[in-house]
Amino acid sequence: MRCGAVLELADPWVLLLLPLPFLARHLLSPDQLTGGAMRVPDRIGAVLLAGGQGPSASAGAGATRGLLWAVWALLLLAAAGPRDLAPVSALKVTGRDLAIVLDLSGSMVRDDFDLDDRQISRLEAVTTVGADFARRRGGDRVALIVFGSEAYYAAPFTFDVEAVARRIEGATIGISGRATNISDGLGLAIKRMTQSAAASRVVILLSDGINNAGATNPRGVAELAAREGIRVHTIALGPKDLTTAEAGERGVVDAATLQAISEISGGESFRVRTTDDLVAVSEALDRLEATDSDGLAAEVFRDYWFWPAALAAGLGLWLGWRELT
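Residue numbers restart at each chain and count upward from 1, following the sequence in its written direction. In keeping with the predicted nature of the model, local features appear solely for residues at pLDDT of at least 70, side-chain atom pairs appear and are counted solely at 80 or more, and the whole-chain, interface and lining totals rest on all residues. With hydrogens and water set aside, each side-chain value is computed from the structure's full complement of heavy atoms.

**With respect to a nonpolar patch on the surface**
Then, number 1: Residues enter patches when their relative accessible area tops 30% and they take part in no salt bridge; the joining distance is 9 Å for like charges and 5 Å for the nonpolar side chains Val, Leu, Ile, Met, Phe, Trp and Tyr. Per-residue and other accessible areas follow the Shrake-Rupley method at a 1.4 Å probe size, with only the shown protein chains counted as cover for residues. In the sections that follow, a salt bridge refers to a side-chain nitrogen of Lys or Arg positioned within 4 Å of a carboxyl oxygen of Asp or Glu. A surface patch of nonpolar side chains, amounting to about 480 Å² of accessible area, comprises Leu18, Phe22, Leu23, Leu27 and Trp69.
Then, number 2: Secondary structure elements follow DSSP: runs of H or I of four or more residues count as helices, runs of E of two or more count as strands, with numbering from the N terminus. When residues of the nonpolar patch are assigned to their parent elements, the largest contribution, three residues, is made by helix α1 (residues 20-27).
Then, number 3: Accessibility here uses a 1.4 Å probe with only protein chains present; expressed as a share of the type maximum, an area under 20% marks a residue as buried, one over 50% as exposed, and anything in between as partly exposed. Leu23 sits in the partly exposed class, given a relative accessible area of 37%.

Right under this line is the structure:
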């Protein structure tokens, strides 16, 4: 049932109870209406006894009945649930599961990135840009996996990209060990994705080191991803890699292995040496895995029952106060 152009009632049948007091008064026999005595304070008793005396008393009784009817009608209106449709932006749904696999090994503490004319660590650069990337993934089901010596889910698959972004911003080096176990980080993402019915399954793997933990070869894990139809985009982070670093130099990234992972699985590989490179990669991934799609239809109502209920309460209190004065 619609009330005007905007409001509607959730349970309009409640209004059928409006004549109930009238029917009770006129259809019940006098014997049924009589009851036992009620003890009341003297002042209230005097007011009740004076209610049936004289024309002014009759007029006052008529006004009181009118107010009581108004209170009853307002209570029924509140119970009927007046409401309207609230403006809600439809949630875009891409049908994609996207896992962000983030390296939190000890080398991420190195201060060799610049942001806003100040030196920052690799971790700060990644969390700043990565959180912004996650927030732009509206419509994807996003998860966060972190790895060092071990790998674990920091955030399960969810449409709440803001929650995932906050987990990225709160990432801390050392919570998963200080080694670099790329195989387990990628393998954990693939294991969960094999159970997914999503139309598209994508992993974004970021590492700044060399796989030096775990018993599995990263290329073998990439082959498993390819068999499962999971694309892996890789980001090799750090100023130097194995081909440009001096022998024994620490803090270098195995860009060749990360590139092989992406090629085997059908993804793209990116090389990041500066913060600007990291921002460019984030934008490139947005283009590769676009989020434009139709939104889910949803009806969200704003309820207005409080207003007639509050007005009924106010009238009832005023009526009681008037009868006592």
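**A word on the packing of aromatic side chains**
Then, number 1: For this analysis, a ring pair means two rings from Phe, Tyr or Trp (six-membered ring only for Trp) whose centres lie within 6.5 Å, classed as stacked if their planes differ by under 30 degrees, edge-to-face if by over 60, and tilted for the remaining angles. Applying the stated criterion across every chain yields a total of three aromatic pairs.
Then, number 2: Taken together through their ring pairs, the aromatic side chains of Trp305, Phe306 and Trp307 make up a single cluster.
Then, number 3: The criterion is that NZ of a Lys, or CZ of an Arg, lies within 6 Å of the ring centre and within 35 degrees of the ring normal, and then a charge sits over that ring. Between Arg192 and the ring centre of Tyr153, over which it is positioned, the NZ or CZ distance is 4.2 Å.

**Side note on the pairing of strand β9 (residues 200-207)**
Remark: a regular strand shows side chains that alternate across the two faces of the sheet.
Then, number 1: Burial analysis of β9 places eight of its eight residues in the buried class, which makes it a mostly covered element.
Then, number 2: Both faces of β9 are covered, namely the face carrying Ser200, Val202, Ile204 and Leu206 and the face carrying Arg201, Val203, Leu205 and Ser207.
Then, number 3: Two strands make a pair as long as DSSP finds a minimum of two bridges between them. Sheet analysis places strand β4 (residues 96-103) next to β9, joined by seven bridges and oriented parallel. When the sheet's bridge partners are listed, Leu102 is paired in β9 with Leu206.

**Description of the sheet that holds β9**
Then, number 1: The strand order across the open sheet formed by six strands is β8-β7-β4-β9-β10-β11, and the pairing between neighbours is mixed. Pairing within the sheet leaves two strands with one partner each, and these edge strands are β8 (151-158) and β11 (269-272). For this sheet, the mean inter-axis angle between neighbouring strands, taken without regard to orientation, is 15°.
Then, number 2: Whether two residues are in contact is decided by their heavy atoms: any pair within 4.5 Å suffices. Every axis in this analysis is a line fitted to C-alpha atoms, fitted for helices over the stretch in contact. Angles between the N-to-C directions lie between 0 and 180 degrees. Its contacts with the sheet put helix α9 (residues 255-265) on β9, β10 (231-237) and β11, and the angle it makes with β10 is roughly 165°.

**Description of the pattern of salt bridges**
Then, number 1: According to the stated counting rule, one finds 14 salt bridges in the structure shown.
Then, number 2: Its salt-bridge partner being Asp208, residue Arg122 comes within 2.8 Å of it at the nearest N-O pair. Residue Arg122 is found in helix α5 (residues 122-135), and its partner Asp208 is found in the loop between β9 and α8 (218-227); the two are separated by 86 residues along the sequence.
Then, number 3: By relative accessible area, Arg122 is classed as buried at 2%.
Then, number 4: The salt bridge involving Asp286 is made with Arg136; its shortest N-O contact spans 2.6 Å.

**Focus: the packing of helix α7 (residues 182-193) against α8**
The description of two helices packed together rests on the angle between their axes and the distance between the axes.
Then, number 1: Relative orientation of the contacting elements α7 and α8 amounts to 15°, with a least axis distance of 9 Å. In terms of axis orientation, α7 runs roughly parallel to α8. The way α7 lies across α8 gives a crossing that is left-handed. Contact residues: Ser183, Leu186, Gly187 and Ile190 in α7; Pro218, Val221, Ala222, Leu224 and Ala225 in α8.
Then, number 2: Lys, Arg, Asp and Glu make up the charged group, whereas Ala, Val, Leu, Ile, Met, Phe, Trp, Tyr, Cys and Pro make up the nonpolar group; the residues left over, Gly among them, are polar. Of the residues that constitute the contact of α7 with α8, the class distribution is seven nonpolar, two polar and no charged. Should an angle lie under 35 degrees it is considered roughly parallel, over 145 roughly antiparallel, and from 65 to 115 roughly perpendicular; all remaining angles are considered oblique. Crossing handedness follows the turn of the near helix against the far one: under a right angle anticlockwise gives a left-handed crossing, and clockwise gives a right-handed one.

**Describing the packing of α5 against helix α10 (residues 275-288)**
Then, number 1: Two numbers describe how α5 lies on α10: the axes approach to 10 Å, and their chain directions differ by 25°. Judged by the angle between their axes, α5 and α10 are roughly parallel. Between α5 and α10 the crossing geometry is right-handed. Between α5, through Ala125, Val126, Val129 and Phe133, and α10, the contact on the second element is made entirely by Leu278, Val279, Ser282, Leu285 and Asp286.
Then, number 2: When its residues are assigned to classes, the contact of α5 with α10 shows seven nonpolar, one polar and one charged.

**Side note on the side chain of Ser262**
Then, number 1: Checked against the element boundaries, Ser262 lands in helix α9.
Then, number 2: Excluding residues within four positions of it along the chain, Ser262 makes contact with Val232, Thr234, Gly267, Glu268 and Ser269.

**Quick notes on the confidence of the model for the protein chain**
Should pLDDT be low for a region, the predicted coordinates there are not to be read in detail.
Then, number 1: Here pLDDT means the predictor's own confidence in every residue, given as a number from 0 to 100. Put simply, the protein chain has an average pLDDT of 81, and 79% of its residues get 70 or more.
Then, number 2: Here strand β1 (residues 2-3) stands out as the element of the protein chain with the lowest mean pLDDT, 43, in contrast to helix α6 (residues 161-169), whose mean of 94 is the highest.

**Considering the nonpolar core**
Then, number 1: Grouped together as the largest cluster of nonpolar side chains are 35 residues, with contacts concentrated most on Ile100, Leu102, Leu144, Leu206 and Ile235.
Then, number 2: Tallying contributions element by element places α5 first for this core, with seven residues.
Then, number 3: As used here, the term nonpolar core means buried Ala, Val, Leu, Ile, Met, Phe, Trp, Tyr and Cys residues forming a set that is joined through side-chain atoms within 4.5 Å. If you look at the next biggest cluster of nonpolar residues, it comprises 24 residues, including Ala99, Ala143, Ala225 and Leu258.

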